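Descriptive analysis of the structure
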Amino acid sequence: MKIITIKAASAAEKSVVRCRKKVMEKALPAALNGYRGALIFTDTNVYGLYGKKLARYLPGVPVFAMPAGEKNKNAETLFSLLGAMAEAGLHRDSVLVALGGGVVGDVGGLAAALYMRGIACIQVPTTLLAQVDSSVGGKTAIDFRGVKNLVGAFRQPALVLADPAFFGTLPRREICCGLGEIVKHGALSAPLFERLVSAPDLFDLGFLAGIVPENIAFKADVVRRDPHETGLRKCLNLGHTTGHAIELCTDLSHGECVLIGLIFEAELAKKYAVCDGAYLDELIALCKRVLSCDLRSVDVSAAAELARLDKKNETNGRVVVCAPRARASYALLTLGYGEYAHALAEIKEKLC
Ligand code: NAD
Ligand code: GLY
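Note that the structure is predicted; figures quoted are calculated from it, not measured.

Turning our eyes to something else, we now look at the site of ligand 1. Asp-43, Glu-70, Thr-126, Thr-127 and Lys-148 are the nearest of the 27 residues found near ligand 1. Measuring from an oxygen atom of ligand 1, one finds a side-chain N or O atom of Asp-43 at 2.7 Å. Side-chain polar atom of Lys-219 to an oxygen atom of ligand 1: 3.4 Å apart, as the coordinates give it. Contact with the protein chains covers 91% of the free accessible surface of ligand 1, which is 870 Å².

This is how it looks when you write it as structure tokens:
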């Protein structure tokens, strides 16, 4: 077991992320001026909600909409998008705009990284999760052969334009998903944790708009210090080994699974690591304040089996877990597969 404590930011981040109002009306049209050719990549839901605004403020810019949802974060969608980019005549000095949640951002970012060996990508994140996490940091990917994010690339966006106005159309469940990654950041940053535990209503849109910049700054600083996840950036995988495995065997969303993963991995820390039990109970209570799904529905034996495929694992078949253990500190636990599966079953019984 290895214990790591996250130190506060050492220097101000010179980030490509801009939190702006009226992104669709002003900031995005202005940003496109600098490029010769653009394609807007979005999904069918976002297009249904914002298609008219696109036509009004970005007339003549071609749009390609993928079918919404994680199940379409795949090679077929990626290659359809690459085809649309070629048909739109994009060149090396063109730009792809990824307007949507984390799925659109991840697929769009990867297509931009691949097309002509890499063109610019502007991320316009429209979910809370995408604004606080997935649009920042340059991880792009598709799911492949039943493994989350198996095929991807690190490539930083040219610009990220985050506008809280998009939260106005988000269903409550999507707010819960974004809060999943926000709580994860809270488990790594003591000041953010305090703001979250003392917030009277975590779902209040004004409160959320206020904490987006703090989340972006936290993540951008971690990425600046370790862009390719050789060390520090692994902290951002907190809750994700178990979370990704649950995501692959339920119809729950990524953010919901991160919250469940955080709960299970906090319990793993209690079992296997030197930890602050009172703090972990506070963190678990925070996760439960956000989650609306029932932990009894989680098939832990299927999840344990799927966790064997996780990218973070060691080649000897042991499962690697980044578990929260104390304020702004986590433990890298390496568990034998059988031990991990048994522990998940025990934890589920305790929690339900
Ligand atoms: P998503 O992209 O599927 O969006 C969730 C739903 O909200 C979709 O149905 C979408 O159409 C809809 N939607 C988007 N914007 C909307 C709006 N403004 N109003 C109403 N509906 C809207 O999911 P997500 O939660 O945004 O992202 C999850 C994905 O992000 C996962 O694939 C996950 O692996 C990935 N992710 C990537 C990173 C990274 O660093 N690259 C980090 C975290 C998560
Ligand atoms: N969401 C994990 C990372 O960006 O590293």
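On to the sheet that holds strand S10 (residues 319–326), then. On the basis of which strands lie adjacent, the open sheet formed by three strands has the order S1-S11-S10 and antiparallel pairing. Edge positions in the open sheet fall to strand S1 (2–5) and S10, since each of these has one partner strand only. Across the sheet, the mean angle from the axis of one strand to that of its neighbour is 25°, orientation sign disregarded. In the packing of helix H10 (residues 254–272) onto the sheet, contacts are made with S10 and strand S11 (329–335), and the angle to S10 comes to roughly 80°.

Here strand S9 (residues 159–162) shows no split at all, with Leu-159 and Leu-161 on one side and Val-160 and Ala-162 on the other all buried. As defined by bridge partners, strand S2 (residues 17–19) adjoins S9 across three bridges and the pair is classed as parallel. What sits directly across from Val-17, in S9, is Val-160. As paired strands, strand S6 (residues 120–125) and S9 are joined by two bridges and run parallel to one another. Considered in S9, the bridge of Gln-123 is made with Val-160.

In this section: helix H7 (residues 190–197). Each α-helix winds once per 3.6 residues, and so residues spaced three or four apart point in a common direction. By the burial criterion, the buried members of H7 are Leu-192, Phe-193 and Leu-196. All buried residues of H7 fall inside an arc of 105° around its axis, so they share one side. On its buried face, H7 sits against helix H6 (172–188), helix H8 (205–225) and helix H11 (277–290).

The rules we used
- Residues numbered from 1 in each chain as written.
- Chains lettered and ligands numbered in written order.
- Predicted model: local features only at pLDDT ≥ 70, side-chain atom pairs only at ≥ 80, totals over all residues.
- Heavy atoms only, no water.
- Near = heavy atom within 4 Å.
- Polar contact = N/O pair within 3.5 Å; in protein donor to acceptor, adjacent residues only side chain to side chain.
- Areas by Shrake-Rupley, 256 points an atom, 1.4 Å probe, with all protein chains shown as cover.
- Pairing = 2+ DSSP bridges.
- Helix = DSSP H or I, 4+ residues; strand = E, 2+ residues; numbered from the N terminus.
- Axes fitted to C-alpha atoms, helices over the stretch in contact; angles between N-to-C directions.
- Contact = heavy atoms within 4.5 Å.
- Buried < 20%, exposed > 50% of the residue type's maximum accessible area, 1.4 Å probe, protein only.
- Arc of directions from axis to C-beta.

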